[in-house]
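# Inside the fold
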Amino acid sequence: MTAETETAAYPVTPRNRVKRMHERGSYDRAAVHAILDAAMLCHVAYVIDGQPYATPTLFWRRGDTLYWHGSSASRMLRHLKAGTPACLTVAHLDGLVLARSGFNHSANYRSAMCFGTARLVEDADEKITAMRDVVDRFYPERSALLRPITPQEAKATTIIAMVIDDAAAKVRAKGVGDDEEDFALPIWAGVIPVTTVLGEVQTCHRLVDGVGRPETLSLFPEGGRLDAALLEGQRIYEEA
């Protein structure tokens, strides 16, 4: 058993403790990972010379380590590679909650906040593996179909890794929470569900004749849910 699976929950610390609506919070590893794995886009927060930044970027998870990448010229990546405390967050909007008072309007959501120290991936083999993983994590087995990564591409890319030291999930998944006396008011109330749905594929107009869509991309059917596809992709990635 590895260190990351020795406990079912992340430690509760002053920085990850859920203070407001604490009943919605969870420190369970599986709960945090499920929210992370249903996403491609995160925000990484950090401070440079006293100025806060929150940068949107693609990310992926292997075990208790989060990875993200970008241009070697990126201010964020140049700063974080020095070994800097960082916070990575993900949020999903699942529903619009309309109540009988403005105060009780809300939203259904899933969110995760992860803390750790970002480090530059400097080992050449680990870096190339990560550059393949950013493809295969989202599109299973696709990197084997692609041309090899060139030395110039590897040089131009910076990979950052961050072990999750502590984390918290926070979820609202329920209906209208009106005050009891407000339920008698003649005002419409309810929940409008929100999902990100996959659209019709737009094939590249310069595709070589005879090239078909790989079977592995069946994870992304038109009309399917993106979060479901990403969760299945993570499962395949972990089993590879």
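A brief report on the enclosed structure follows. (Residues numbered from 1 in each chain as written. Predicted model: local features only at pLDDT ≥ 70, side-chain atom pairs only at ≥ 80, totals over all residues. Heavy atoms only, no water.)

### Description of the side chain of R61
The test is simple: By the criteria applied, helices consist of DSSP H or I runs no shorter than four residues and strands consist of E runs no shorter than two, each listed in order from the N terminus. Distance and chemistry together define a polar contact, namely a pair of N or O atoms within 3.5 Å, with one atom able to donate a hydrogen and the other to accept it when in protein, and with adjacent residues in sequence counting only for side-chain atoms on both sides. In this description, contact between two residues means that some pair of their heavy atoms is separated by no more than 4.5 Å.
The topology assignment puts R61 in strand 3 (residues 51-62). Within the local environment of R61, its side chain forms a polar contact with the backbone oxygen of G63, the two atoms lying 2.8 Å apart. If sequence neighbours within four positions are ignored, R61 has contacts with H33, L36, D37, L66, Q234, Y237 and E238.

### So, the pattern of salt bridges
Operational definition: When a carboxyl oxygen of Asp or Glu is within 4 Å of a side-chain nitrogen of Lys or Arg, the pair counts as a salt bridge.
Taken as a whole and judged by the stated rule, the model has 14 salt bridges. Across the salt bridge formed by E238 and R61, the nearest N and O atoms sit 2.6 Å from each other. Of this pair, E238 sits in helix 5 (residues 226-239) while R61 sits in strand 3; the two residues are 177 residues apart in sequence, bridging distant segments of the chain. A salt bridge links R100 to D178; its shortest N-O distance comes to 2.7 Å. Residue R100 is found in the loop between strand 5 (84-98) and strand 6 (106-120), and its partner D178 is found in the loop between strand 8 (166-172) and strand 9 (190-193); the two are separated by 78 residues along the sequence. One salt-bridge network, held together by shared partners, links D94, R110, R225 and D227.

### Some points on the environment of V191
Heads up, the condition is: Partly exposed residues are those whose accessible area sits between 20% and 50% of the maximum for their type, while under 20% is buried and over 50% is exposed, using a 1.4 Å probe and protein chains only.
Relative to the elements of secondary structure, V191 occurs in strand 9. Assessed through its relative accessible area of 32%, V191 is described here as partly exposed. Separated by 156 residues in sequence, V191 and I35 place their C-alpha atoms 21 Å apart. Non-local contacts of V191, meaning those with residues more than four positions away in its chain, are made with G95, L96, V97, N108, K174, G175 and V176.

### Focus on a nonpolar patch on the surface
Rules: Patch membership requires more than 30% relative accessible area and the absence of a salt bridge. Residues of like charge join within 9 Å; the nonpolar side chains Val, Leu, Ile, Met, Phe, Trp and Tyr join within 5 Å. Only the protein chains shown count as cover for residues, and all accessible areas are computed by the Shrake-Rupley method using a 1.4 Å probe.
Together, L93, L96, W188 and I192 make up a nonpolar patch on the protein surface, roughly 410 Å² of accessible area in all. Residue I192 is classed as partly exposed on the basis of its relative accessible area of 40%.

### Quick word on the nonpolar core
To keep things clear, this is the line we draw: Throughout this description, the term nonpolar core refers to a set of buried Ala, Val, Leu, Ile, Met, Phe, Trp, Tyr and Cys residues connected via side-chain atoms within 4.5 Å.
Residues L36, F59, L66, W68 and L88 are the most contacted members of the largest nonpolar core, which totals 23 residues. For this core, the elements supplying multiple residues, two or more each, are helix 1 (29-37), strand 2 (41-48), strand 4 (65-71), strand 5, strand 6, strand 7 (157-163) and strand 8. For this core, the leading source of residues is strand 2, giving four residues. Core analysis: the next-biggest nonpolar cluster, separate from the first, contains 13 residues, Y67, V134, V135 and I159 among them.

### Concerning helix 1
Taken together, the buried positions of helix 1 are occupied by R29, V32, H33, I35, L36 and D37. At the N-terminal boundary of helix 1, the capping side chain belongs to D28, with an oxygen 3.1 Å from the backbone nitrogen of A30.

### What about the pairing of strand 8?
One face of the sheet, then the other: side chains in a regular strand alternate in exactly this way. In plain terms, the rule: For two strands to be treated as a pair, DSSP must find at least two bridges joining them.
Counting buried positions over the seven residues of strand 8 gives five, a clear majority of the element. Pairing analysis gives two bridges linking strand 1 (residues 25-26) to strand 8, with the strands arranged antiparallel. In the sheet register, S26 faces strand 8, and the bridge partner there is A169.

By themselves these figures say nothing about function.
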